[in-house]
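Spelled out from the first residue to the last, the chains are:
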Amino acid sequence: MRVRITWISGWGVDPLRWQTAALRWLPRDSHAFLPPRAGAAEAAASSDVVIAWSFGAWRVLAAASRGLVFQGRVVLLAPFVAFCAEHGCGGKCAQAQVRWLRRWLCRDAPAALADFHQRAGLGDAPLGTPDSLDNLLEGLDRLAEDASPALRRFAASGLPSAWAAVVGNQDALLDGEAVCRTLPGCRIVPGATHAPETLLPPVKESFRAL
């Protein structure tokens, strides 16, 4: 039976970045690739497996804290409960940096996205934008916010039994140890960065559905 896998990307990154790895590792399964816009977690909830990265992982955590039930397995790559350093959940970026990026995005989206890719250790940004400007701006607004009390409670209770989460110890955007303290059950991958390709192999080895 073909496994239905939905991949939710990170902020500012083309969802089709996943496609090569997905088809190479899991060629017999069915794949859908979503940007991390509002509603992405709800659209993925009926999948056999949800693999969500970075801001996409935050979307999944936030939706689960509001009561959304995911029917299959969930894998979170480079997750966070709150992104900015001021919120104490493992983020390395200040709110001022996120707001500065928002202003730059309004002036010159390609340049802002290219700079973000480089700072995050993701390589060169592809030409064009991965989502509409409105969705990218809404995403930055969420990234600048602290986590809701419901999200903090959900995270503190530990990962549900059908979930797995990993973060790299060389992530340019996240402090892996702090992320794991705020999200019990998340584990650190030595040598991995924020790039999803560095986080997928250990997940595949340990997660039977993959």
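Before reading further, recall that the structure is shown in the block above.
Residues numbered from 1 in each chain as written. Predicted model: local features only at pLDDT ≥ 70, side-chain atom pairs only at ≥ 80, totals over all residues. Heavy atoms only, no water.

Engineer: Pulling in residues and values, what's your account of the environment of Ala 45?
Structural biologist: Secondary-structure assignment places Ala 45 in the loop between α2 (40-44) and β3 (49-53). The class for Ala 45 is buried, based on a relative accessible area of 7%. Residues Ala 45 and Gly 72, spaced 27 residues apart in sequence, show a C-alpha to C-alpha distance of 7.7 Å. (Helix = DSSP H or I, 4+ residues; strand = E, 2+ residues; numbered from the N terminus. Buried < 20%, exposed > 50% of the residue type's maximum accessible area, 1.4 Å probe, protein only.)

Engineer: Report on the sheet that holds strand β2 (residues 30-34), specifying residues and quantitative values.
Structural biologist: Strand order in this open sheet of six strands is β2-β1-β3-β4-β5-β6, and the pairing throughout is parallel. The open sheet has two edge strands with one neighbour each: β2 and β6 (187-189). Across this sheet, the average inter-strand angle for adjacent strands is 20°, counted without regard to direction. Where strand β4 (residues 73-77) meets strand β5 (residues 163-168), four bridges bridge the pair, whose relative direction is parallel. The residue of β5 that forms the bridge with Leu 77 is Val 166. (Pairing = 2+ DSSP bridges. Axes fitted to C-alpha atoms, helices over the stretch in contact; angles between N-to-C directions.)

Engineer: Any chance you could break down the pattern of salt bridges for me, citing the residues and the numbers?
Structural biologist: Within the structure shown, the criterion is met by ten salt bridges. Note that Asp 131 is salt-bridged to Arg 37, the shortest N-O span being 2.5 Å. Taken as a pair, Asp 131 in the loop between α5 (109-120) and α6 (133-144) and Arg 37 in the loop between β2 and α2 lie far apart in primary sequence, 94 residues in all. Under the relative-accessibility criterion, Asp 131 is labelled buried at 13%. The salt bridge involving Asp 146 is made with Arg 152; its shortest N-O contact spans 2.8 Å. Ionic contacts of the salt-bridge type, sharing partners, join the residues Arg 59, Glu 138, Arg 142 and Glu 145 into one network. (Salt bridge = Lys/Arg side-chain N within 4 Å of Asp/Glu carboxyl O.)

Engineer: If you had to explain the nonpolar core to someone new, which residues and values would you point to?
Structural biologist: Counting 74 residues, the largest nonpolar core has Trp 11, Val 60, Leu 76 and Leu 77 as its most contacted members. Among the elements that make up this core, the one with the highest residue count is helix α3 (residues 55-65) (eight residues). Not counting chain neighbours up to four residues away, the residues in contact with Trp 11 comprise Pro 36, Phe 55, Leu 101, Leu 105, Leu 113, Phe 116, Leu 136, Gly 139, Leu 140 and Leu 143. (Core = buried A, V, L, I, M, F, W, Y, C linked by side-chain atoms within 4.5 Å. Contact = heavy atoms within 4.5 Å.)

Engineer: Tell me about the pairing of β3, and please be specific about residues and values.
Structural biologist: The element β3 is largely enclosed, with a buried count of five among its five residues. Burial along β3 is two-sided: the residues Val 49, Ile 51 and Trp 53 and Val 50 and Ala 52 are all buried. Two strands pair when backbone bridges link them, and β3 and β4 are joined in this way by five bridges, in the parallel orientation. Its bridge partner lying in β4, Val 50 is registered against Val 74. Regarding topology, α3 serves as the crossover connection from β3 to the parallel β4, and that connection is right-handed. (Right-handed = clockwise from strand over helix to strand, strands pointing away.)

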